[in-house]
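Results of the structural survey
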Amino acid sequence: MKFLGLRSITVKKYNHSGSSKTDNTKEYPNLLEQNFKADKPSQKWVGDITYIYTKETGWTYLAIVMDLFDLKVVGWSYGTSMTDDLVIDAFNKALTNRGLEKDGIFHSDRGSQYTSNNYETLLSTLKIRHSYSKKGYPYDNASMESFNAILKKEEVNNGVYETFEEAKMVIFEFIESWYNNKRIHSTLGYITPNQKYNNYITNLAIA
């Protein structure tokens, strides 16, 4: 690499921690059980938080909600604090954009933001079942981990963001213009998330 003038991409290490009220007596069932297929939209959603560094504010946080039917990012929220407010905002945006059916599944890790009383109350009120990854086992949320890897490899790790607003604009363009609308996925039969969803709606109309 030195001979060719190449350098590896490195990511700053930081111990991220959030603040939220958590019920430590609760059980955490894995309802998804690594079944990442859905027969129709709004049956199964997954969520996660990933970290993005800017020179202006240091670490920033992106909360994502994805529908497993078409792998579309149906809701996201970006902020400077890793709190349950961030993941609740992302979830509420997903509800506005698409909606999750009653008795549907939302899957996440056991981070304090997702196990907070506020988040659990939100899901319970909507009659949505909460599914959890086993502690320290990312394979239980493989689709979300795949999106995070795509975001980092195709965008975040290829540049430096000066400000929070610059990073937010780039994230918007990546998700809404590129990932949802133009990036094909082998697991979808080499079509985009939006194409997968539109095909479903078209087939419903024909039927």
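Refer to the structure above for everything that follows.
These numbers come from a predicted model, not from an experiment.

Calculation notes
- Residues numbered from 1 in each chain as written.
- Predicted model: local features only at pLDDT ≥ 70, side-chain atom pairs only at ≥ 80, totals over all residues.
- Heavy atoms only, no water.
- Salt bridge = Lys/Arg side-chain N within 4 Å of Asp/Glu carboxyl O.
- Helix = DSSP H or I, 4+ residues; strand = E, 2+ residues; numbered from the N terminus.
- Buried < 20%, exposed > 50% of the residue type's maximum accessible area, 1.4 Å probe, protein only.
- Pairing = 2+ DSSP bridges.
- Axes fitted to C-alpha atoms, helices over the stretch in contact; angles between N-to-C directions.
- Contact = heavy atoms within 4.5 Å.
- Expected span 1.5 Å × (residues − 1).
- Right-handed = clockwise from strand over helix to strand, strands pointing away.
- Polar contact = N/O pair within 3.5 Å; in protein donor to acceptor, adjacent residues only side chain to side chain.

Side note on the pattern of salt bridges
For the coordinates displayed, the defined rule picks out eight salt bridges. With a closest N to O distance of 3.0 Å, R98 and D67 form a salt bridge. Of this pair, R98 sits in the loop between α1 (84-97) and β4 (105-108) while D67 sits in strand β2 (residues 58-67), and the two are 31 residues apart along the sequence. The pair formed by R98 and D67 is uniform in burial state, with each residue classed as buried. Where R129 meets D103, a salt bridge forms, and the shortest distance between an N and an O atom there is 3.4 Å. With R129 in strand β5 (residues 129-132) and D103 in the loop between α1 and β4, this pair connects stretches of sequence that are 26 residues apart. Among the residues examined, R129 registers a relative accessible area of 36% and is labelled partly exposed. The network of salt bridges with common partners includes D67, D70 and R98.

A look at the sheet that holds strand β3 (residues 72-79)
Ordered in space as β3-β2-β1-β4-β5, the five strands form an open sheet in which the pairing is mixed. A single partner strand is all that each edge strand has here, and the edge strands are β3 and β5. Strand-to-strand twist of the sheet, defined as the mean angle between neighbouring strand axes without regard to direction, takes the value 25°. Pairing analysis gives three bridges linking strand β1 (residues 44-54) to β4, with the strands arranged parallel. If you follow V46 over to β4, its bridge partner there is H107. The strands touched by helix α2 (residues 117-125) are β4 and β5; relative to β5, the strand with the most contacts, the crossing angle is about 135°.

Section: α1
With 14 residues, α1 ought to run about 20 Å at 1.5 Å a step, and its terminal C-alpha atoms sit 20 Å apart, in line with that. Check the buried side of α1 and you find it contacts β1, β2, β3, β4 and α2.

Notes on the pairing of β4
Taking every second residue as pointing to the same face, both faces of β4 are buried, with I105 and H107 on one and F106 and S108 on the other. Both β4 and β5 contribute to a ladder of four bridges, which runs parallel. Note on β5: the bridge partner recorded for H107 is S131. Of the crossover connections in this fold, the one passing from β4 over α2 to the parallel β5 is right-handed.

Description of the side chain of S116
The topology assignment puts S116 in the loop between β4 and α2. In this structure the side chain of S116 is engaged in a polar contact, spanning 3.1 Å, whose partner is the side chain of D84.

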